[in-house]
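A structural walkthrough
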Amino acid sequence: MNNSRTLGLAVAQMGPVNLADSKETVVARLIEMMRDAKSRGAEVVVFPELALTTFFPRYWMEDQQEIDRFFEKAMPNPQVQPLFDEAKKLGVGFYLGYAELTPNGRRFNTSILVEKNGDIVGKYRKIHLPGHSDHKTGVPFQHLEKKYFEVGDLGFRVFNLHDTQFGMCLCNDRRWPETYRVMSLQSAEIVVLGYNTPSINIHWNEPVHLRTSTHLISLQANAYQNALWVAAAAKCGSEDGFHMIGSSVIVAPTGEIVARALTEEDEVIAVKADLQIGENFRKHVFNFAKHRRPEHYRLIVERVGAGEPLE
Ligand code: ING
């Protein structure tokens, strides 16, 4: 256990990554932000989902070689190694989202947790894949995560980093309460995540402001209801003309936003997270052992879609 029970926690929000941006320039941006985070007392830095490339699921592609340009065949690899080296030099752990192509040819939207010695201590593969797999007509862009990625096969797990219990997830996962509950039932203290959230909804004419409000509600409610710190890193701004929301935040177990990005560029936000804050809620409000009644929650596990009322 982390005795001080405080943890220097930073979110490194990324501005746009355009198709023309090289991986080297992107990694250099990540290193710059890691140094900034360290200067603000960070011990762990959270980078976005698919941090190394543009949000390529917005494009319809059929040639697998073209698609695989966006995937990492190994992690770390020569292009990303400088980030691992910098982390080791600074003594900083980090979360990084990227597209994973496994040696046996499987493709996932993945994130890793890396300890300050450069060891990968945890891996997660995105479970809630939003969007579609067919080519959508009449829309300004696609959202092809169901085409380019498999559903994650590692579950929602909790990993020890800096003597603190970390859960991980990715983007759309943050909208599903099951994501956090499965990890808080494994005694997670912090859930870290990255996201790429288009401002425009291609399915119906949704007011743009709702993209940000639903993003924040999802994080704040689930942080409170699971007595978790939640740190969420956006990749945002206009990537080759396609806009994505910012509003990277760090949320306390009270559900309060304690730090929030102001721009849609590369920006670091950082807090000294008091890990004790969750204790009171875990003891007196969300005392799972004392108050939960799983015998009445069975539908949550047994049913996929909504069905008839119980008899
Ligand atoms: N992006 C979006 C997200 O969950 C989305 C997709 C937005 C789905 C809003 C539903 C509502 O933030 C990713 N990459 O999951």
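Structure's up top.
Keep in mind the model is a prediction, meaning the values are calculated, not measured. Position numbers for residues start from 1 in each chain and track the written sequence from start to end. The model is predicted, so local features are restricted to residues of pLDDT at least 70 and side-chain atom pairs to those at 80 or more, both for listing and for counting; the totals for chains, interfaces and linings are taken over all residues. Where side-chain values are given, they derive from all heavy atoms of the structure, hydrogens and water being excluded.

Concerning the site of the ligand
With respect to spatial proximity, 13 residues lie near the ligand, and among them E145, C171, N172, R175 and T197 are the closest. Distance and chemistry together define a polar contact, namely a pair of N or O atoms within 3.5 Å, with one atom able to donate a hydrogen and the other to accept it when in protein, and with adjacent residues in sequence counting only for side-chain atoms on both sides. In this structure, an oxygen atom belonging to the ligand sits 2.8 Å away from a side-chain N or O atom of N172. Measuring from an oxygen atom of the ligand, one finds a side-chain N or O atom of R175 at 2.9 Å. Per-residue and other accessible areas were derived by the Shrake-Rupley procedure at a 1.4 Å probe size, with only the shown protein chains allowed to occlude residues. For the ligand, the protein covers 84% of the area, taking 370 Å² as the surface of the free molecule. Charged residues are taken to be Asp, Glu, Lys and Arg, nonpolar residues to be Ala, Val, Leu, Ile, Met, Phe, Trp, Tyr, Cys and Pro, and polar residues to be all remaining types, Gly included. Its residues assigned to classes, the shell around the ligand comprises three nonpolar, four polar and six charged. Residues are labelled near a given molecule or strand when at least one of their non-hydrogen atoms is within 4 Å of it.

As for empty space enclosed by the protein
Cavities and pockets were defined on a 1 Å grid built over protein atoms only: a cavity is a set of grid points that admits a 1.4 Å probe from which the probe cannot escape, a pocket is an open set flanked by protein on both sides within 12 Å along at least five of seven lines, and lining residues are those with an atom within 4 Å of any such point. Grid points are joined across faces, edges and corners, and a volume is the space filled by probe spheres set on the points. The full count for this structure, using the stated rule, is one cavity of 30 Å³ or more. Computed from the structure, the largest cavity encloses a volume of approximately 30 Å³. In this structure, the largest cavity is lined by F55, R58, F141, P198, F242, H243 and M244. Considering only residue class, the lining of the largest cavity consists of five nonpolar, one polar and one charged.

Some thoughts on the packing of helix α5 (residues 177-184) against helix α6 (residues 209-225)
A fitted line through C-alpha atoms represents every axis, and for helices the fit uses only the stretch in contact; the resulting angles, taken between N-to-C directions, go from 0 to 180 degrees. Each helix is a run of H or I in the DSSP string that is no shorter than four residues. Each strand is a run of E no shorter than two, and both are numbered from the N terminus. Interhelical geometry of α5 versus α6 gives an angle of 30 degrees and a closest axis separation of 10 Å. Taken together, the axis directions place α5 and α6 in an arrangement best described as roughly parallel. Seen along the crossing, α5 lies across α6 with a hand that is right-handed. Of α6, the residues touching α5 (which contributes P177, Y180 and R181) are S218, L219, N222 and Q225. Of the residues that constitute the contact of α5 with α6, the class distribution is three nonpolar, three polar and one charged. The cut-offs work like this: below 35 degrees is roughly parallel, past 145 is roughly antiparallel, 65 to 115 is roughly perpendicular, and the gaps in between are oblique. In a left-handed crossing the near helix is turned counterclockwise from the far helix by less than a right angle, and in a right-handed crossing that turn is clockwise. The contact definition used throughout considers only heavy atoms, calling two residues in contact when any of these lie within 4.5 Å.

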